[in-house]
Amino acid sequence: MHITLSNLTRMAAGVAFAAATFMGSTALAKDITIAYTGYSTDQPFWVGVGDAAAAQAKELNVEFVDLTATQADAAAQKDAVDRAINMGVDGIIIGSVDNRAFGESLDRAKAKGIPVVAVDTGIDHDHISSLVQTDNLAAAGIAGKYIADNVDKGTVLILGGSAGHQTGNARRDGVKAAAEAAGLEVIFQICDWQEACGYDTTINFLQSNPNIKAIFAASDPMALAAVSAAKELGKLDGLVIVGFDGNPGNLKSIAAGEQKADIKQDNVEMGQESVKNIVNVVNGQSVEKFIPIDGILITSDNVADYM
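Note that the structure is a prediction, hence the values are computed from the model and not measured.

A.B. asks: Even after reading the chapter, I still don't get helix H10 (residues 267-282), so can you show me in this structure?
C.D. replies: Because an α-helix completes one turn every 3.6 residues, residues spaced three or four positions apart along the sequence face the same direction. Given a rise of 1.5 Å per residue, 16 residues ought to cover 22 Å, and the 23 Å separating the end C-alpha atoms of H10 matches this to within 8%. Those residues of H10 not exposed but buried are Asn 267, Met 270, Gly 271, Glu 273, Ser 274, Val 275, Asn 277, Ile 278, Val 279 and Val 281.

A.B. asks: Whenever I open this one, the sheet that holds strand E10 (residues 261-264) confuses me. Can you help?
C.D. replies: Sheet architecture is open: 6 strands sit in the order E7-E6-E8-E9-E10-E12, paired in mixed fashion. Two strands in the sheet have a free side with no partner beyond their single neighbour: strand E7 (185-190) and strand E12 (296-298). Looking at each pair of strands side by side, their axes are set apart by 20° on average, direction ignored. Here E10 pairs with E12 via 3 bridges, running antiparallel. Within E12, the position partnered with Lys 264 by the bridge is Ile 296. This element, helix H8 (residues 220-233), spans strand E6 (155-160), strand E8 (212-217), strand E9 (240-245) and E10 of the sheet and lies at about 155° to E9.

A.B. asks: Just to check I follow, could you spell out the pattern of salt bridges for this structure?
C.D. replies: When their charged atoms lie close together, side chains carrying opposite charge are able to pair. Applying the stated criterion to the full structure yields 11 salt bridges. Ionic pairing is found between Asp 126 and Lys 110, a salt bridge with its closest N-O pair at 3.1 Å. Taken together, the residues span a long stretch of sequence, with Asp 126 in the loop between strand E4 (116-119) and strand E5 (128-134) and Lys 110 in helix H4 (residues 103-111) at a distance of 16 residues. Here Arg 172 and Asp 173 are joined by a salt bridge, their closest N and O atoms 2.8 Å apart. Salt bridges sharing partners connect three or more residues here, namely Lys 78, Asp 82, Glu 104 and Arg 108.

So, how was this worked out
Residues numbered from 1 in each chain as written. Predicted model: local features only at pLDDT ≥ 70, side-chain atom pairs only at ≥ 80, totals over all residues. Heavy atoms only, no water. Helix = DSSP H or I, 4+ residues; strand = E, 2+ residues; numbered from the N terminus. Expected span 1.5 Å × (residues − 1). Buried < 20%, exposed > 50% of the residue type's maximum accessible area, 1.4 Å probe, protein only. Pairing = 2+ DSSP bridges. Axes fitted to C-alpha atoms, helices over the stretch in contact; angles between N-to-C directions. Contact = heavy atoms within 4.5 Å. Salt bridge = Lys/Arg side-chain N within 4 Å of Asp/Glu carboxyl O.

Below, the structure is given as structure tokens:
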């Protein structure tokens, strides 16, 4: 075969085309960069969400940039979202500290065509493509029914999240509705998800209100704080304490007969689904606006299955 310069040019072009065709399916995912900012890295639940998201991104051959702060800080998280937008990432996942803090940032993301998925907590903005979340209202209703089934009469103290926080409100409302339907009185206290507040509030109310027979904590760290406070006062026996997350320390407390029950969130599935959703949106595919993840009631009867 006589090879001319034009032959070589055509051959090179053909090789390049074949290589591009061969690599097309893998390059599509590899060229995607997503940024993730979770609630914080000092809570086991959120460590699990972040780890699962990172593993799913690796499986999909997607670059994953974790901008989560070590402690819950709404201003720092907004700054992280703004940094991600300035970096020009292809998509952003937010597990919000304050779901009301992102208005201007999400406006900018929308203007730049950067899609956003929320995980764990809903964000009220028309640019949020999807919410991956435990069905908090239904799961909290299960917790409330457990309390009602194990408390004949008296008062339920709810240790809540932040004011106006969508997740915390749903957990409060689910327990409150079930408890009040059973004739129990409910006291709600905002604790901003903080262990110290959970501890102090439990101490104060157990000392001042002998009718408190159950405590529901909207997060597991607050539930363990309530256990510690009740033990310190010598009032743990007969007190029904229920948490929400399914953290290892709380499962150990249930196995030890201290905390009575917990609602386990599937943080692994939440992390995985949030990454799948944002990648699908980046690739122009449609996704469900709400991906509900079932909560699981953990008691002494089944705690060994989850430890």
